[in-house]
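Reading the structure
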Amino acid sequence: MEGHVPRTHYSKEIRPEMDGEEVVAAGWVHERRDLGGLLFLILRDREGFVQVTLRKDRTSEKLLECVKRLSKESVVSVRGIVRSDKRAPNGCELIPKEIKVLSVAETPLPLEVSGRIRSELDTRLDVRFLDLRIPRNREIFRIRSEVLKAIRRFLDGRGFIEVNTPKIVAAATEGGTALFPISYFEREAFLSQSPQLYKQMLMATGLDRVYEIAPIFRAEEHDTTRHLNEATSADIEAAFADHEWVMRTLEALIASVYENIRENSSGSLEVLGVELPEVKPPFERITYTEALELLAERSVELEWGEDLSTAAEKTLGEIMGAHYFIVEWPTSVKPYYTMPFESREEVCKAFDLMHPRMELASGSQRIHDYEMLRASIERCGLSPESFKFYLDAFRYGMPPHAGWGLGVERLLMTMLEIENIREVILFPRDRKRLVP
Ligand code: ATP
Ligand code: MG
């Protein structure tokens with residue numbers, strides 16, 4: 001059993017045209033079928049399945065015994081000869097010369113891996129390593145990887161520079177309570193809830209256009225299907241730009257991601273049974289006030305100055321039916337760094353990007369005037385002293401700037417029509433889940 005290389009081909013690379021060639025395939029024992037004179041071993045790898053066929057009259061007793069003893073989900077590699085056969089899954093089968101058992105799986109398995117039985121999400125997440133052996137569940141993460149690449153490609157193409165800002169911070173971004181405290185030597189620190197303050201400070205450096213794709217930590221108690229306590233945010237900030245400019249960037253980015261996934265992940269989309277809709281900028285826009293009017297017509301009553309409830313978001317989504325922006329928000333609803341309109345200070349240059357199902361992103365043009373920002377912080381009941389490190393960046397030449405934060409998991413779950421956000425992150429962190 002010595003000496004054959006670990007793997008020469010993925011399952012899908014083994015083609016009927018290779019009839020007679022020797023290859024080494026490797027993967028998990030998906031199934032074993034005993035049909036009297038024939039013994040089939042179905043091997044599963046990342047790309048699909050290989051049928052390994054053993055003719056009992058032409059196979060050594062040793063090899064037959066080895067296969068008969070194999071438990072499901074054990075890891076093996078098979079060196080064998082390709083034989084084209086129309087009846088086999090990829091039009092060919094593998095006649096084994098040698099089978100190496102690389103790891104024996106214990107029985108019984110804690111999760112049915114065939115994918116025939118849908119297990120509870122909680123059970124699945126407890127044994128995520130097994131859950132992701134199910135092609136449908138694993139393909140989500142190939143798409144996720146493509147989405148991240150598409151975001152980077154798009155922003156790189158528009159002259160953005162990727163940055164990494166600290167995730168251990170001294171102060172809250174918005175002074176809220178949704179922070180995880182950690183002990184930092186003899187002081188208290190927090191896990192960062194957003195790169196907001198840092199990406200804004202970078203606008204004073206001349207880096208001009210920056211983006212970051214990184215975790216955000218929110219100590220929110222809520223236990224919903226669209227909130228995580230550790231989520232991934234794609235953030236941009238651009239100098240010499242206004243809210244209009246970053247909104248156009250955002251809609252173009254969403255369209256580009258959909259386009260990229262359609263082109264590069266068609267196989268994965270097929271496994272998931274998802275057909276992506278056309279996403280065409282410019283997205284429809286409604287003002288916050290118009291949103292309230294639309295809601296009132298549907299008997300969802302909201303006071304001007306209230307944030308939109310989940311029910312309100314849902315009703316609006318039904319009316320709008322595609323991606324849309326909500327613009328011209330009450331200044332009081334949005335964070336202190338949001339720029340109000342010059343003519344009407346009670347309304348600000350903020351926007352939310354909505355998918356019919358939920359909010360995907362929030363952004364705005366920012367206040368870049370030191371005195372104005374200081375006053376705005378005070379008006380929100382926060383102390384400018386604790387924001388000194390941030391405010392100082394506005395004292396020595398700060399260009400006008402704007403930006404947004406886009407939830408990567410929300411983009412994925414809406415794009416792939418997935419109900420629960422926990423399915424699109426490898427190891428979700430929520431109110432109850434800290435392990436695995
Ligand atoms: P929501 O009102 O839906 O809870 P938010 O307005 O508090 O979101 P922002 O602070 O605007 O969120 O963050 C920007 C984006 O980051 C959101 O639009 C969303 O896509 C994503 N996001 C924020 N918080 C979470 C979370 N707890 N889990 C998953 N994604 C999140
Ligand atoms: Mg928001």
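Predicted, not measured: the structure shown is a model, and the values here were computed from it. (Residues numbered from 1 in each chain as written. Chains lettered and ligands numbered in written order. Predicted model: local features only at pLDDT ≥ 70, side-chain atom pairs only at ≥ 80, totals over all residues. Heavy atoms only, no water.)

1. What to know about the coordination of the magnesium ion (ligand 2)
Here is the rule: Metal donors: N, O and S atoms at distances within 2.8 Å, or within 3.2 Å for Na, K and Ca, with water omitted from the atom set so that some sites may seem incomplete. Relative accessibility under 20% of the residue-type maximum defines a buried residue, over 50% an exposed one, and the middle range a partly exposed one, all with a 1.4 Å probe and only protein chains included.
Listed as protein donors to the magnesium ion (ligand 2) are E359 (OE) and S362 (OG); their distances from the metal cover 2.2 to 2.3 Å. Judged by relative accessible area, which is 26%, S362 ranks as partly exposed.

2. A short note on the site of ligand 1
Short version of the rule: Definition of nearness: a residue and a molecule or strand are near each other if at least one heavy atom of the residue lies within 4 Å of the molecule or strand. Any pair of N or O atoms that falls within 3.5 Å is considered a polar contact. Within protein, one atom must be able to donate a hydrogen and the other to accept it, and sequence-neighbouring residues count only if both atoms are side-chain atoms. The accessible surface values rely on the Shrake-Rupley method and a 1.4 Å probe; as for residues, cover is taken only from the protein chains in view. Segments assigned H or I by DSSP are reported as helices when at least four residues long, segments assigned E as strands when at least two residues long, and all are numbered from the N terminus. Under this grouping Gly is polar, as are all residues other than the nonpolar Ala, Val, Leu, Ile, Met, Phe, Trp, Tyr, Cys and Pro and the charged Asp, Glu, Lys and Arg.
Around ligand 1, the surrounding shell holds 14 residues, and the nearest of these are R218, H227, L228, E359 and L360. At 2.6 Å from an oxygen atom of ligand 1 is found a side-chain nitrogen or oxygen belonging to H227. One nitrogen or oxygen atom from the side chain of R410 is found 2.9 Å from an oxygen atom belonging to ligand 1. For ligand 1, whose accessible area on its own is 590 Å², the fraction buried by protein is 82%. Secondary-structure elements contributing two or more residues to the shell around ligand 1 are β15 (358-365) and β16 (401-407). It is β15 that provides the largest number of residues to the shell around ligand 1, a total of four residues. Within the shell around ligand 1, the residues separate by chemical class into five nonpolar, four polar and five charged.

3. Considerations on the sheet that holds strand β14 (residues 347-355)
Short version of the rule: Between any two strands, pairing holds if DSSP finds at least two bridges.
The strand order across the open sheet formed by eight strands is β6-β10-β11-β16-β15-β14-β13-β12, and the pairing between neighbours is mixed. Each of the sheet's edge strands pairs with one partner strand only, and the pair in question is β6 (161-162) and β12 (284-287). Bridging between strand β11 (residues 230-239) and β16 involves seven bridges; their strand directions are antiparallel. Looking at the pairing, S233 lines up with G407 of β16.

4. Concerning a nonpolar patch on the surface
Put simply, the test is: Only residues whose relative accessible area exceeds 30% and that form no salt bridge enter a patch; like-charged residues are grouped when within 9 Å of one another, and nonpolar side chains (Val, Leu, Ile, Met, Phe, Trp, Tyr) when within 5 Å. Each reported salt bridge corresponds to a side-chain nitrogen of Lys or Arg within 4 Å of a carboxyl oxygen of Asp or Glu.
A grouping of I168, Y184 and F185 is seen on the molecular surface, where their side chains present a nonpolar patch of about 340 Å² in accessible area. With relative accessibility at 33%, the residue Y184 sits in the partly exposed group.

5. Examining the pairing of β11
Side chains on a regular strand alternate between the two faces of the sheet. For β11, a buried count of nine out of 10 residues is recorded, marking the element as mostly surrounded by other parts of the structure. By the bridge criterion, nine bridges tie strand β10 (residues 209-217) to β11 in an arrangement that is antiparallel. When the sheet's bridge partners are listed, V210 is paired in β11 with E237.

6. Examining the packing of helix α8 (residues 288-297) against helix α9 (residues 310-320)
Rules: Axes, fitted as lines to C-alpha atoms, cover a helix only where it is in contact. Angles between the N-to-C directions of the axes lie from 0 to 180 degrees. Put simply, angles under 35 degrees are roughly parallel, angles over 145 are roughly antiparallel, angles from 65 to 115 are roughly perpendicular, and the rest are oblique. We call two residues in contact when some of their heavy atoms are within 4.5 Å.
Two elements in contact, α8 and α9, have axes whose closest approach is 10 Å; the angle formed by their N-to-C orientations is 90°. With respect to their mutual orientation, α8 and α9 come out roughly perpendicular. Where α8 abuts α9, its residues A291, L294 and L295 lie against A312, T315, L316, I319 and M320. When grouped by side-chain class, the residues that make up the contact of α8 with α9 number seven nonpolar, one polar and no charged.

7. With respect to the sheet that holds strand β7 (residues 168-169)
Read from one edge of the open sheet, three strands run β7-β9-β8, paired in antiparallel fashion. At either end of the open sheet lies a strand with only one pairing partner, and these are β7 and β8 (181-184). When β8 meets strand β9 (residues 187-191), the two strands line up antiparallel, connected through four bridges. Pairing of Y184 across the sheet is with R187, part of β9.

8. Remarks on the nonpolar core
To be explicit about the condition: Put simply, buried Ala, Val, Leu, Ile, Met, Phe, Trp, Tyr and Cys residues joined by side-chain atoms within 4.5 Å make one nonpolar core.
In terms of nonpolar packing, the biggest core is built from 56 residues, with I254 and M415 touching the most fellow members. If you tally residues by element for this core, the top one is helix α6 (residues 243-264), at 10 residues. Within the second largest apolar cluster, 22 residues are counted, among which are I14, L39, L63 and L70.

9. A look at the side chain of R422
When you line up the elements, R422 lands in the segment after α12 (408-415). At 3.0 Å, the side chain of R422 forms a polar contact with the backbone oxygen of T224. In contact with R422, other than residues within four places in its own chain, are L121, L125, R128, D223, T224, T225, H227, L228, P428 and D430.

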